[in-house]
Amino acid sequence: MNALLQIDEVSHDFGGPALFHNFSMTLPMGGQCLLVGPSGSGKSTLINLICGFLKPRSGEIRIAGEAISQGAEAARDAVRKRHVAVVFQSLRLVSALSVAGNLQLAARLAGRAASQTDIALLLDELGIGEKANARPHQLSQGQAQRAAVARALIARPSLLIADEPTSALDDANAARVADMLLRLASDHGTGLLVATHDVRLRPFFDKAIALEGVPA
Amino acid sequence: MIRLVLAYLGENRLTSALNVILLAIPVAMLVLLLQFARQSEERFLAGAEGIDLVVGAKGSPLQLVLSSVYHLDRPTGNIPLAELERLRSNPLVASAIPLALGDQFDGFRIVGTEAALLELYDAHLARGRPYARPFEAVIGAEVARTTGARIGQRFVGSHGLAAGDEGEGHEATPFEVVGILAPTGKPVDRLILTSVESVWDVHGIEHHDEEAGEGGHEDEHAHDEAKEGLHEGEAEITAILLSYRNPSAAVRLPSYINRGTNLQAASPARESTRLILLFEPAIRAVGAFALLLAIAGALAIFISLWSTMRSRQPDLALLRVMGASRGAIFRTVLLEGVMTAGLAALAGIALAHAMLWAASRAWQGVSDAGIVAGRIGAGEGVLFLATLAVGTLAALLPAWGVTRSHLAPILQRN
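Thresholds, definitions, all that
- Residues numbered from 1 in each chain as written.
- Chains lettered and ligands numbered in written order.
- Predicted model: local features only at pLDDT ≥ 70, side-chain atom pairs only at ≥ 80, totals over all residues.
- Heavy atoms only, no water.
- UniProt positions renumbered as here; feature names shortened; annotations may be inferred.
- Helix = DSSP H or I, 4+ residues; strand = E, 2+ residues; numbered from the N terminus.
- Contact = heavy atoms within 4.5 Å.
- Buried area = accessible area lost by both parts, 1.4 Å probe.
- Salt bridge = Lys/Arg side-chain N within 4 Å of Asp/Glu carboxyl O.
- Polar contact = N/O pair within 3.5 Å; in protein donor to acceptor, adjacent residues only side chain to side chain.
- Pairing = 2+ DSSP bridges.
- Axes fitted to C-alpha atoms, helices over the stretch in contact; angles between N-to-C directions.
- Buried < 20%, exposed > 50% of the residue type's maximum accessible area, 1.4 Å probe, protein only.
- Parallel < 35°, antiparallel > 145°, perpendicular 65-115°, else oblique.
- Left-handed = near helix turned anticlockwise from the far one by under 90°.
- Nonpolar A, V, L, I, M, F, W, Y, C, P; charged D, E, K, R; others polar.

All names here are of chain B. The UniProt entry lists residues 14–34, 282–306, 338–360 and 381–401 under the feature "transmembrane region" (unreviewed entry), expressed in the numbering used here. Spanning residues 14–34, this segment combines 100% helix with 0% strand, and its end C-alpha atoms are found 30 Å apart. Between the end C-alpha atoms of residues 381–401 the distance is 31 Å, and the span holds 100% helix and 0% strand.

Attention now goes to the interface of chain B and chain A. One frequently used descriptor of interface size is the decrease in accessible area upon assembly of the parts. Of the residues lining the interface, 22 residues belong to chain B; the matching set on chain A comes to 26 residues. In total, about 2,100 Å² of surface goes out of reach between chain B and chain A, with carbon and sulfur atoms giving 58% of it. Viewed at the interface, chain A and chain B are joined by three salt bridges. Among the salt bridges present, the one from A:Asp77 reaches B:Arg320, with a minimum N-O distance of 2.9 Å. Scanning the region where chain B abuts chain A turns up seven residue pairs in polar contact (both at pLDDT 80 or more). At the level of secondary structure, the elements contributing two or more residues to the side of chain B that touches chain A comprise helix 1 (2–11), helix 9 (268–321) and helix 13 (407–413) of chain B.

All names here are of chain A. Strand order in the open sheet made by the four strands is 2-1-4-5, with antiparallel pairing throughout. The sheet is open, and its two edges are formed by strand 2 (20–27) and strand 5 (66–67), each paired on a single side. When strand 1 (residues 5–12) meets strand 4 (residues 58–63), the two strands line up antiparallel, connected through five bridges. Bridging across to strand 4, Ile7 finds its partner in Ile61. Set on the sheet, helix 1 (residues 43–50) makes contact with strand 1, strand 2 and strand 4; between it and strand 1 the angle comes to about 120 degrees.

Residue and element names in this part refer to chain A. One non-glycine residue, Asn22, lies in positive phi territory at about 50 degrees. Turning to its location among the elements, Asn22 is positioned in strand 2. With a relative accessible area of 41%, Asn22 lands in the partly exposed category. Within the chain, Arg156 stands out as a residue other than glycine whose phi angle is a positive 45 degrees. Relative to the assigned elements, Arg156 resides in the loop between helix 5 (141–154) and strand 7 (159–163).

Turning our attention to the sheet that holds strand 8 (residues 191–196) of chain A. All names here are of chain A. Ordered by their spatial adjacency, five strands build an open sheet running 6-7-8-3-9, and the pairing between neighbours is parallel. In this open sheet, the two strands that pair with only one neighbour each are strand 6 (84–87) and strand 9 (208–210). Averaged over all pairs of adjacent strands, the angle between their axes in this sheet comes to 15 degrees, without regard to strand direction. As paired strands, strand 7 and strand 8 are joined by five bridges and run parallel to one another. Counted as the bridge partner of Asp163 is Ala195 from strand 8. Along the sheet, helix 5 contacts strand 6 and strand 7; its crossing angle with strand 6, the most-contacted strand, is approximately 175 degrees.

In the structure shown here, the tally under the stated rule is 20 salt bridges over all chains. One salt bridge in this structure joins B:Arg326 and A:Glu73, with 2.4 Å as the shortest N-O distance. Taken as a pair, B:Arg326 in helix 10 (residues 326–362) and A:Glu73 in helix 2 (residues 73–83) lie in two separate chains rather than in one. The shortest N-O distance in the salt bridge between A:Asp171 and A:Arg200 comes to 2.6 Å.

Another aspect to go through is the environment of B:Val372. Residues and elements named next belong to chain B. Following the sequence through the fold, Val372 ends up in the loop between helix 11 (364–368) and helix 12 (378–404). For the pair formed by Val372 and His353, sequence separation is 19 residues and the distance between their alpha carbons is 8.4 Å. Once residues within four sequence positions are removed from consideration, Val372 is found in contact with Gln35, Gln39 and Leu356.

With that out of the way, let us pick up the packing of helix 2 (residues 13–47) of chain B against helix 10 of chain B. Residue and element names in this part refer to chain B. In the contact formed by helix 2 and helix 10, the axes pass within 7 Å of each other and the chain directions differ by 45 degrees. Compared by their axis directions, helix 2 and helix 10 come out oblique. Seen from above, helix 2 lies across helix 10 with right-handed handedness. Split by residue class, the contact of helix 2 with helix 10 holds 18 nonpolar, five polar and no charged.

Printed below as a string of structure tokens:
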């Protein structure tokens, strides 16, 4: 059976010292993994490589068996569209749209059908059902984060990537977010990759990969 | 994507509205120019249909045509009635219709003429009957609409030819409305028609029915006194509308009248063209100014989109992450420019017609010239498409800039 994420001997640099040299990892279908390292350790670069925004100097990355590290941009876009959703640290909800509008847009762009009921159920599941028609600026930080996760999940991705989801949160809220991501990924059968410098998240994950020698 | 663009436009309401206004103003100016040029040309052509030549007193040929065909200017003077019969007996003349001007009611000219004038303008009675007895009148559709005059209503004419220059009233000789014409879109809509004899009677000019058209009285007044139309004691008419019997008349008749008589012959077609040519430089100048404004409007859209796209780059990068292709992002930005321009075009066209409507209500001259609101033609369609093209051009560079940007650095920055 294919792995969800297969990174084989990937090397990459930006013209200077190599950020990765023959880096490899595997994430099974529905698997969960923490990618931990300090700022500048290459977490964001690795996310960009996994999403196909960058091509590695060498090596190969496959998602659900489909190569995303090679080929034309349109082909890489198509693989990402089929399999990957990202929750950014800055959340990036489209401010001109309501919460439900953000979810509709994400579903449409991913080529998935999502009815109003699907959206309402998902928002209820995340505890922000009453905020469906609210604009992003009307949400608290926690509500906005859940809305961003809902937007990622509505596209029914095989792999959910969360970039620094807890960096600005206190311990209690960081734990709450980690629980939420793990539970939702598990409930939706989605693989989860969390990239963070926040070592507080380490106990929540069975599998963790350290970048640049940060102890896992 | 349309919903997203609408949401973006709605989010930046003030900027969007200002951009729309900036582009709508030159669009409105161009629509006004188009409307004025087209409607006045159509009006002039329709008004002169069937009239090959106008004969009147010496003076400006343009003034003669404007006063006798379009009823917009003062007559050049009067001519002896005998000239009417002389022209009618000319083998080059197919028909000659007399006009006797001098009075008005509520700004509408009272024209002494013959029934042939109705045939000339292809005018038909909507109500009532033709005038038959002295002081009976048939009124044009615009006269009826504006004054509210009905069949059987009496009115008193006063000296002068336009609203605001009413002279003494002819209270002793009131007219009675016996017929109302259906609208024609021609100058006859704004006329009050009666017999030439009625006009003479109002002014105390002696005449004998059997002599009418055969002879007249000597002009006892100085020429300039006659410029406002008929005066007491004269048996004259103001002008004659001629149609040619054959094409050779177009060559021979005007030169014969202008050189061989004390009359003046003017061609409506030629004078209308001259008038339109007179307006052309002004129309071009205003058009050029409107184009400059349109360029300024396009620049405003460009600057606005350029700065908006810079600040929206993370949003657009996110759309790419969520599955939008570069082409889709390009189209989204382009659509924003096109929708702004489209809204501006619609607003400009609506504004221009609202202004035309207000102008035709506020200024008699505008409605006299037959310019009305709501007649949207092909010109507006072309202008709409041209405005969309302007919006597209203004959005091209910002769209291209956003499309070419690399996702990884944007996402890493944010």
